[in-house]
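Structural characterization, general
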Amino acid sequence: RILKLFKNQIGNGGAASLADFCGSATSLEEVHLSHNRITAEGAALIVAAAERARPNSGCTPLWLRLEQNEIADAEAFLRDLQSRLSVCERPDESRCNTRYCCHRAKVHLPFFTAQRMLRGASGGQQLQLQRSLSGADRPPAGRGAASPSVSVVHGPHGSRAAAAANSAGAPLRGQRQPVQ
């Protein structure tokens, strides 16, 4: 039900695999992919697959955390997603939560516009920290706060999801390594 793969250096290759997984794992309730290296291309794949996999009515929205990735012009990208898909940025934190969307959207993208700066970029080439500097997109203390990354899945597809997300084959943070 919950997949946490934040802080694992996942890029667009891993995002494509995660999109396949999200498109088939209809019981997912939360996917945490913050602090990775996903760009707009990878995010679009994941959001579209997750949105298609959700039932049309009466469903719990997927809580999809994609903040602090490498998505350029996140506000424009979010507007584009909202024009094509059933996506909510969760503007009303008291009415939209992990279990309910007051706009009846299929996918929640909380804190989405809080993207990090691209490494090596300078001046006008920086991606953005937009509203995160003002605190508008900052996660509440405790829930979603920065912490060591652990790959956790509650459900039958745990190992498949973790392996699919890491297309480079490197160990995921929090994953035990076999003794040789």
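Residues numbered from 1 in each chain as written. Predicted model: local features only at pLDDT ≥ 70, side-chain atom pairs only at ≥ 80, totals over all residues. Heavy atoms only, no water.

Each helix and strand in the protein was counted, giving four helices and six strands. Along the protein, from the amino end to the carboxyl end, the secondary structure elements read β-α-β-α-β-α-β-β-β-α. A sequence separation of at least 24 residues applies to 75% of the contacts in the protein between residues at least 6 apart. With an accessible surface of roughly 9200 Å², the protein has 50% of that area assigned to carbon and sulfur atoms. (Helix = DSSP H or I, 4+ residues; strand = E, 2+ residues; numbered from the N terminus. Contact = heavy atoms within 4.5 Å. Areas by Shrake-Rupley, 256 points an atom, 1.4 Å probe, with all protein chains shown as cover.)

Note on placement: Val 47 falls in helix α2 (residues 40–53). Judged by its relative accessible area of 0%, Val 47 is buried. Separated by 38 residues in the primary sequence, Val 47 and Leu 85 have C-alpha atoms spaced 8.5 Å apart. In this structure Val 47 touches Leu 64, Leu 66, Leu 81, Leu 85, Val 87, Val 107 and Leu 109, once residues within four positions along its chain are discounted. (Buried < 20%, exposed > 50% of the residue type's maximum accessible area, 1.4 Å probe, protein only.)

Running from N to C, helix α1 (residues 12–24) and α2 point in directions that differ by 0°, and their axes come no closer than 8 Å. Taken as axis vectors, α1 and α2 run roughly parallel relative to one another. For the pair α1 and α2, the contacting residues are Asn 12, Ala 15, Ala 16, Leu 18, Ala 19, Cys 22 and Gly 23 in the first and Glu 41, Gly 42, Leu 45, Ile 46, Ala 49, Ala 50 and Ala 53 in the second. Considering only residue class, the contact of α1 with α2 consists of 10 nonpolar, three polar and one charged. (Axes fitted to C-alpha atoms, helices over the stretch in contact; angles between N-to-C directions. Parallel < 35°, antiparallel > 145°, perpendicular 65-115°, else oblique. Nonpolar A, V, L, I, M, F, W, Y, C, P; charged D, E, K, R; others polar.)

To continue, consider the nonpolar core. Where a protein is soluble and globular, its nonpolar side chains tend to be buried together. Leu 33, Ile 46, Leu 64, Leu 66 and Leu 109 are the most contacted members of the largest nonpolar core, which has 32 residues in total. Broken down by secondary-structure element, the contributors of at least two residues to this core are α1, α2, β3 (62–65) and α3 (74–84). When residues in this core are grouped by element, the largest group, six residues, is from α2. Not counting residues within four places of it along the chain, the set of residues in contact with Leu 109 comprises Val 47, Leu 64, Leu 66, Leu 78, Leu 81, Val 87, Cys 88 and Glu 89. (Core = buried A, V, L, I, M, F, W, Y, C linked by side-chain atoms within 4.5 Å.)

Turning our eyes to something else, we now look at unusual backbone geometry. Even without being glycine, Lys 7 reaches a positive phi, approximately 60°. Mapped onto the elements, Lys 7 comes out in the loop between β1 (2–4) and α1.

Let's shift gears to the pattern of salt bridges. Taken as a whole and assessed by the stated rule, the structure comprises six salt bridges. In this structure, Glu 67 and Arg 65 form a salt bridge, with 2.4 Å as the shortest nitrogen-oxygen distance. The pair Glu 67 / Arg 65 is uniform in exposure class, with both members buried. Across the salt bridge formed by Glu 70 and Arg 116, the nearest N and O atoms sit 3.9 Å from each other. Of the two residues, Glu 70 is situated in the loop between β3 and α3 and Arg 116 in the loop between β5 (107–108) and β6 (152–153); the sequence distance between them amounts to 46 residues. (Salt bridge = Lys/Arg side-chain N within 4 Å of Asp/Glu carboxyl O.)

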